[in-house]
Amino acid sequence: MKRIFYFLLIMICAACENDDSFSTSTGLKLSFSVDTLKMDTTFSNVPTSTYAFWVHNNNDAGLKLQTVRLKRGNQTGFRVNVDGVYLDNSNGSQTSNVEIRRKDSIQVFVELTAATTQQQAPKLVEDDLLFCLESGREQQVNLRAWAWDAKKLYDPVIDTDTEIETATPLVIYGDLTVKEGATLTLRNTELYFHDGAGVQVYGRLVAENCLLRGDRLDHLFDYLPYDRVSGQWDGVHFYESSTANLLEDTEIRNAREGIVCDSAAIEADIYRLAMKECVVHNSLNANISAVNTHLLLDHCQLSNAGGDCVALFGGDMTMSHCTLAQFYPYSAQRGDALYFTNRWGQKSLPMTLYCEGSIVTGYADDVLNGEMLADETAFIYRFNHCLLRTKEVKDSPDFIDILWETPKDEAGGKKHFVTIDETNFIYDFHLVETSPAQGLGCY
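The rules behind each value
Residues numbered from 1 in each chain as written. Predicted model: local features only at pLDDT ≥ 70, side-chain atom pairs only at ≥ 80, totals over all residues. Heavy atoms only, no water. Pairing = 2+ DSSP bridges. Helix = DSSP H or I, 4+ residues; strand = E, 2+ residues; numbered from the N terminus. Salt bridge = Lys/Arg side-chain N within 4 Å of Asp/Glu carboxyl O. Buried < 20%, exposed > 50% of the residue type's maximum accessible area, 1.4 Å probe, protein only. 1 Å grid on protein atoms, 1.4 Å probe; cavity = no way out; pocket = protein on both sides within 12 Å on 5 of 7 lines; lining within 4 Å. Points joined across faces, edges and corners; volume = space filled by probe spheres on them. Nonpolar A, V, L, I, M, F, W, Y, C, P; charged D, E, K, R; others polar. Core = buried A, V, L, I, M, F, W, Y, C linked by side-chain atoms within 4.5 Å. Contact = heavy atoms within 4.5 Å.

> Looking at this structure, I do not really get the sheet that holds strand β12 (residues 157-158). What am I missing?
The strands making up a sheet are joined through hydrogen bonds of the backbone, oriented either antiparallel or parallel. Overall, parallel pairing links the 9 strands, which are arranged β12-β15-β18-β23-β26-β29-β32-β35-β40 in an open sheet. Each edge of the open sheet is held by one strand with a lone partner, namely β12 and β40 (368-371). As paired strands, strand β15 (residues 176-178) and strand β18 (residues 199-201) are joined by 3 bridges and run parallel to one another. Across the sheet, the residue bridging to Thr 177 is Gln 200, located in β18.

> What is the right way to read the pattern of salt bridges from this model?
Pairing between side chains of opposite charge can happen when their charged atoms approach one another. Applying the stated criterion to the full structure yields 15 salt bridges. Here Glu 99 ties to Lys 64 by a salt bridge, and the two come within 3.9 Å at their closest N and O atoms. Of this pair, Glu 99 sits in strand β7 (residues 94-100) while Lys 64 sits in strand β4 (residues 63-70); the two residues are 35 residues apart in sequence, bridging distant segments of the chain. Taking the shortest distance from any N to any O, the salt bridge between Arg 256 and Asp 195 comes out at 2.5 Å. Linking Arg 256 in the loop between β25 (251-253) and β26 (259-261) with Asp 195 in the loop between β17 (190-193) and β18, this pair joins segments that are 61 residues apart in sequence. Look at Arg 256 and you get partly exposed, because its relative accessible area is 26%. Put simply, Arg 213, Asp 227, Glu 251 and Arg 253 are held in one network by salt bridges that share partners.

> Sorry, what's going on with empty space enclosed by the protein here?
One water molecule sets the probe size; rolling that probe over the atoms shows where empty space is left. Applying the stated criterion to the full structure yields 2 cavities of 30 Å³ or more. Considered as a void within the structure, the largest cavity measures approximately 50 Å³ in volume. Taken together, Leu 186, Leu 205, Ala 207, Leu 212, Val 236, Phe 238, Leu 247, Thr 250 and Ile 252 make up the lining of the largest cavity. Elements that contribute at least two residues to the lining of the largest cavity include exactly β19 (204-208) and β23 (236-238). Tallied by class, residues from the lining of the largest cavity come to 8 nonpolar, 1 polar and no charged. What the second largest cavity holds in volume is close to 40 Å³.

> Hey, could you run me through the nonpolar core in this one?
The nonpolar side chains of soluble globular proteins are, as a tendency, buried together. In terms of nonpolar packing, the biggest core is built from 57 residues, with Val 236, Ile 259, Met 275, Leu 297, Leu 312, Leu 338 and Phe 383 touching the most fellow members. When residues of this core are assigned to their parent elements, the largest contribution, 3 residues, is made by strand β38 (residues 351-356). Those residues in contact with Met 275 that sit more than four places away from it in its chain are Leu 247, Ile 259, Val 280, Ile 288, Leu 296, Leu 297, Asp 298 and Cys 300.

> Explain unusual backbone geometry here, please?
Phi at Asn 209 is positive, roughly 55°, even though this residue is not glycine. With respect to the element layout, Asn 209 can be found in the loop between β19 and β20 (211-214). Of note in this structure, Phe 425 is not a glycine but carries a positive phi near 60°. Relative to the helices and strands, Phe 425 resides in the loop between β45 (417-421) and β46 (426-431). With relative accessibility at 15%, the residue Phe 425 sits in the buried group.

> Please explain the layout of surface pockets as it appears in this structure.
Computed from the structure, the largest pocket encloses a volume of approximately 320 Å³. What lines the largest pocket is a set of 19 residues, among which Glu 251, Arg 253, His 281, Gln 301 and Tyr 427 lie closest to the centre. Broken down by secondary-structure element, the contributors of at least two residues to the lining of the largest pocket are β25, β28 (279-283), β31 (301-305) and β46. Tallying contributions element by element places β46 first for the lining of the largest pocket, with 5 residues.

> How do you make sense of the pairing of strand β32 (residues 310-313) when you look at a structure like this?
Consecutive side chains of a regular strand alternate in pointing toward one face of the sheet and then the other. Residues Val 310 and Leu 312 of β32 are buried on one face, and the alternating residues Ala 311 and Phe 313, pointing to the opposite face, are buried as well. Alignment of strand β29 (residues 288-291) against β32, held across 4 bridges, turns out to be parallel. From the neighbouring strand, Ser 289 faces β32, where its bridge partner is Ala 311. Pairing between β32 and strand β35 (residues 338-341): 4 bridges, direction parallel. Residue Phe 313 lies in a different strand from β35, and its bridge partner there is Thr 341.

Any functional reading would require information beyond the geometric quantities listed.
Spelled out as structure tokens, the structure:
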């Protein structure tokens, strides 16, 4: 028994000694999970999310790293953590005496806060992370990102008539608020909203050739940038005091609520909100939710919403040559392409809807839903020269020259469009040449 005990003890000690041996052979080297750590575009002076890669020692002996350091020191804005130890930027951005035992690995974490670049286009920021072995051998991983100068605004308030036109992106933290009596005019401007931020309009908003989206420029997964993920920011809210709003050639995407219009008195000669050649895409809830609103949609794309692409609760809406495409990918409980009713909660509201030259389609068998309150409240609608994915209504003056689409149609649903990429969430709602909806919709 004693012999067996001593034999096992010797074997254990030999194994421990072998595990603790480190080599200085110049023939041994490390391997890395990446040769170049490619980070996403980032706004200058805004910290990135954390990126990581592995350092592997696949050799039969341990290796000691004399130093791990950034080649350019603290000049680029990269911050590095090696196996739980931050590189000390006050000491040349390096650490020393890192051990990697045989057949073992360590993980490296990298962040970046890039300095202002003083140029409009994104600028390449890069450095090399150098791994210097005791043997004198040196290996490296390239770190690279693109820094983009932007102007950051914190809870901006517009209380007098203001015009903004800039090639520099605006990054909004908190709400952009347009006070009652003031008009904010945006032209040729891109606005990037941080999580929880949105636009609160009590006055008037005019936007021409603008983009409103979330501020995440990185990826959720390798194949999925945050810009294709819904719910990145709060969206645009028009309050009761707001009227005569105009959006032209403007895109609103990936919000929680794309556009919300609160109930207000109908003015027959003034649209509360007019949208021309606009896109509202991929909202977590509704793309447009309007209560008792005088609304114009002209050549607009309203696509992919967790709620309805367009939801109308009373009001007066004219929709001309629009594409309502309900292919929201993140939930099977998605809403309708178009929902309209003459009620709001327990309250009845007159409803008038006129739709011409438009496409209303989606995944479901029926994506058009009109719900009438059973009382004397007006519920007036007419569809003229449209493609509708809904149950056919025969001999009705409310439906004129309609292409009725059913799930059995070979060229129906997503087959109308150039790209419906359900794997990478890429969409192009231009019509293919074989679509029977040629001449309809916004394109």
